[in-house]
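Listed below, chain by chain, are the residues.
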Amino acid sequence: MPVTALIAAVSLTSGTAHAAPATPVGGEALGSRGLVAPEGVKQPPKSKATSYVVADADTGQVLAAKDAHGRYLPASTLKTLTALTLIPKLDKNRSIRPSENACNQEGSAVGLSVKTTYKIEDLFRALMMSSGNDAAMALAETNGGLAKTMRDMNAEAKRLQANDTVAKTPSGLDKPGQSSSAYDLALIARAGLANPDFKRYISTKVAKFPAPKGYYEISNHNKLLWRYNGMVGVKNGWTTKAQASFVGAATRDGHTIVVSIMRHEGGFWDEVADLLDWGFSVRGKAKPVGELVNPLPDAQAAPAPAASPGASVTPATQPSLLERAASKQTDSTRMVGSVVIGGGLLFGLIWLGYGIRRRRARSGS
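Reading the values: the criteria
- Here the residue numbering is sequential within each chain, running from 1 through the sequence in written order.
- Residue-level local features of this predicted model are given only where pLDDT is at least 70; pairs of side-chain atoms are given and counted only at 80 or more, and the full residue set underlies all totals for whole chains, interfaces and linings.
- The side-chain values count all of the structure's non-hydrogen atoms but skip hydrogen atoms and water molecules.
- Only DSSP runs of H or I covering at least 4 residues are called helices, and only runs of E covering at least 2 are called strands; the numbering of each starts at the N terminus.
- Multiplying one less than the number of residues by 1.5 Å gives the expected span of a helix.
- Residue exposure (1.4 Å probe, protein chains only): buried if accessible area is under 20% of the type maximum, exposed if over 50%, otherwise partly exposed.
- Any N or O atom pair separated by 3.5 Å or less is treated as a polar contact, with the protein-specific requirement of one donor-capable and one acceptor-capable atom, and with residues adjacent in sequence counted only for side-chain atom pairs.
- Contact definition: two residues touch when any of their heavy atoms are within 4.5 Å.
- Per-residue confidence from the prediction method is given by pLDDT, with values spanning 0 to 100.
- Working convention: axes come from line fits to C-alpha atoms, limited for helices to the stretch in contact. Angles between N-to-C directions cover 0 to 180 degrees.
- Every angle not falling under 35 degrees, over 145, or within 65 to 115 is termed oblique; those three ranges are roughly parallel, roughly antiparallel and roughly perpendicular.
- Here a crossing is called left-handed whenever its near helix is offset anticlockwise from the far helix by less than a right angle, and right-handed whenever the offset is clockwise.
- Here the term charged refers only to Asp, Glu, Lys and Arg, the term nonpolar to Ala, Val, Leu, Ile, Met, Phe, Trp, Tyr, Cys and Pro, and the term polar to all other amino acids, Gly among them.
- Should a side-chain nitrogen of Lys or Arg be within 4 Å of a carboxyl oxygen of Asp or Glu, the pair is scored as a salt bridge.
- Any two rings among Phe, Tyr and Trp, with Trp reduced to its six-membered ring, count as a pair given centres within 6.5 Å; such a pair is stacked if its planes are under 30 degrees apart, edge-to-face if over 60, and tilted if neither.
- Residues belong to a common nonpolar core when they are buried Ala, Val, Leu, Ile, Met, Phe, Trp, Tyr or Cys residues joined through side-chain atoms within 4.5 Å.

With twelve residues, helix α7 (residues 182-193) extends 17 Å from end C-alpha to end C-alpha; this agrees with the ideal 16 Å at 1.5 Å per step. α7 sits mainly inside the fold: eleven of its twelve residues count as buried. Every buried residue of α7 is accounted for by A182, Y183, D184, L185, A186, L187, I188, A189, R190, G192 and L193.

Spelled out as structure tokens, the structure:
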């Protein structure tokens, strides 16, 4: 009887696992995998990007999107989340010497040396201008270690409602399970633009960087800082698996437009410029297709669960099977569950008593 009831309860519970997904963050239309554009204005220019978002950073209105919530490898655009998370936590005037581990990170690097002392501000410039993976690791270690930094980054993503984003590295180097979306990159960039230090780092074209003897110059990898009128900056990225990704912002006549793209074959600079031009031309005229949501209040943005950098992180939008089942329970399913639990407890007590009697009989006590 208890087994039969248990099977019935599992059957009822599992039936709730396939409930329709919640409305995508930012609006129903942003759940589309295809192009979503406003009517009554010219269509956005074509792009080879698999996914993109064009948004008004001032109002949060999404003006056009393509597969806005598609989850892809972010490459170095993830450094926007690293910077946004760590800038408030680390004293920019503090001086540190990086570890050998930080100095020996693979991929793009600014060239850190264990023999040189750097200010935290130097490392943030290296992170956002030169896309230094070595700087990313040095900042993570200064924040208390890699595991803590990944918890902090994922908690910040949750606070921003960037629910497509799962950070596994501070640099954006590819790692299984790591993801973001064009929507999330626009959301993170918008939050970053409100931070004066973040905005200063992404806007700097050229800076002096400490060396074992003297200094050398580093330059910003964002080519649109030199090419596009009003470009504020933000971040580009590339890995073989992720392909090209980019998030950028420009300001004209007191208004700021954000463009994010993911999974582009490369050579996207002119396409991004065209998307920015289009955004400026239709802002205030086009009916938005969605919105960039505001961060959660601190009370709702609970810290992310502790996990090692290699552990699987479940995105915040995906409740567990038990949570989904509980939310769909009826009086009848609760009654069945009570019968199952009660029957199981009774069976356990009977079996325990039987085992005690057998042990006493064998021991002679």
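From this point, the narrative continues.
This part takes up the side chain of T204. Position of T204 among the secondary structure elements: in the loop between α8 (196-203) and β6 (206-210). You can call T204 buried: its relative accessible area is 17%. From its side chain, T204 meets the backbone oxygen of R200 in a polar contact 2.7 Å long. Leaving out residues up to four positions away in the same chain, T204 has contacts with M129, N220 and L225.

Another aspect to go through is the confidence of the model for the protein. Within the protein, residue pLDDT values average 84, and 76% of them lie at 70 or more. Confidence over residues 1-20 falls short of pLDDT 50; this stretch has 14 contacts with residues more than four positions distant or in other chains. A low-confidence stretch, residues 304-365 stays under pLDDT 50, and its non-local contacts, those more than four residues away or across chains, total 42 contacts.

On to the packing of helix α4 (residues 120-129) against helix α5 (residues 133-142). The interhelical angle for the contact between α4 and α5, taken along N-to-C directions, is 140°, at an axis separation of 8 Å. Considered as vectors, α4 and α5 are oriented oblique to each other. For the pair α4 and α5, the crossing hand works out as left-handed. Between α4, through I120, L123, F124, A126 and L127, and α5, the contact on the second element is made entirely by A135, A136, A138, L139 and T142. Its residues assigned to classes, the contact of α4 with α5 shows nine nonpolar, one polar and no charged.

Our next topic: the pattern of salt bridges. Scanning the model with the defined rule gives twelve salt bridges in all. Here D122 and R125 are joined by a salt bridge, their closest N and O atoms 3.5 Å apart. Residue D122 and its partner R125 are located together in helix α4, separated by three residues, close to a single helical turn. In this structure, D122 and R125 share a single accessibility class: buried. Between E156 and R159 there is a salt bridge whose closest N-O contact spans 2.9 Å. Residue E156 and its partner R159 are both found in helix α6 (residues 146-160); the two are separated by three residues, about one turn of the helix. A relative accessible area of 23% places R159 in the partly exposed class. Taken together, the shared-partner salt bridges in this structure form one network comprising K92, E121, D122, R125, D197 and R200.

To continue, consider the environment of Y52. With respect to the element layout, Y52 can be found in strand β2 (residues 51-56). Note: C-alpha distance between Y52 and A182 (130 residues apart in sequence) is 5.3 Å.

Within the element layout of this structure, D91 appears in the loop between α2 (79-86) and β4 (95-96). Note on D91: relative accessible area 46%, which makes it partly exposed. Note: C-alpha distance between D91 and E121 (30 residues apart in sequence) is 8.2 Å. A polar contact of 3.0 Å, which involves the side chain of D91, links it to the backbone nitrogen of N93.

Under the criterion given, the structure shown has six aromatic pairs. Their ring planes at 15° and their centres at 5.6 Å tell us that F124 and Y201 sit as a pair that is stacked. Note that F124 is positioned in helix α4 and Y201 in helix α8, a separation of 77 residues in sequence. The same class applies to F124 as to Y201, namely buried. Ring geometry for F246 and W269: centres 5.5 Å apart, planes at 75°, overall edge-to-face. With F246 in strand β9 (residues 243-252) and W269 in helix α10 (residues 269-282), this pair connects stretches of sequence that are 23 residues apart.

In globular proteins that are soluble, nonpolar side chains generally tend to be buried together. Core analysis: the largest hydrophobic core is formed by 64 residues, its most contacted members being V53, V62, L123, F124 and Y183. With eight residues, the top contributor of residues to this core is α7. Excluding residues within four positions of it along the chain, F124 makes contact with A83, L86, I87, L90, L139 and Y201. Formed by 25 residues, the second largest nonpolar core is a distinct cluster that contains A49, L225, V259 and F280.

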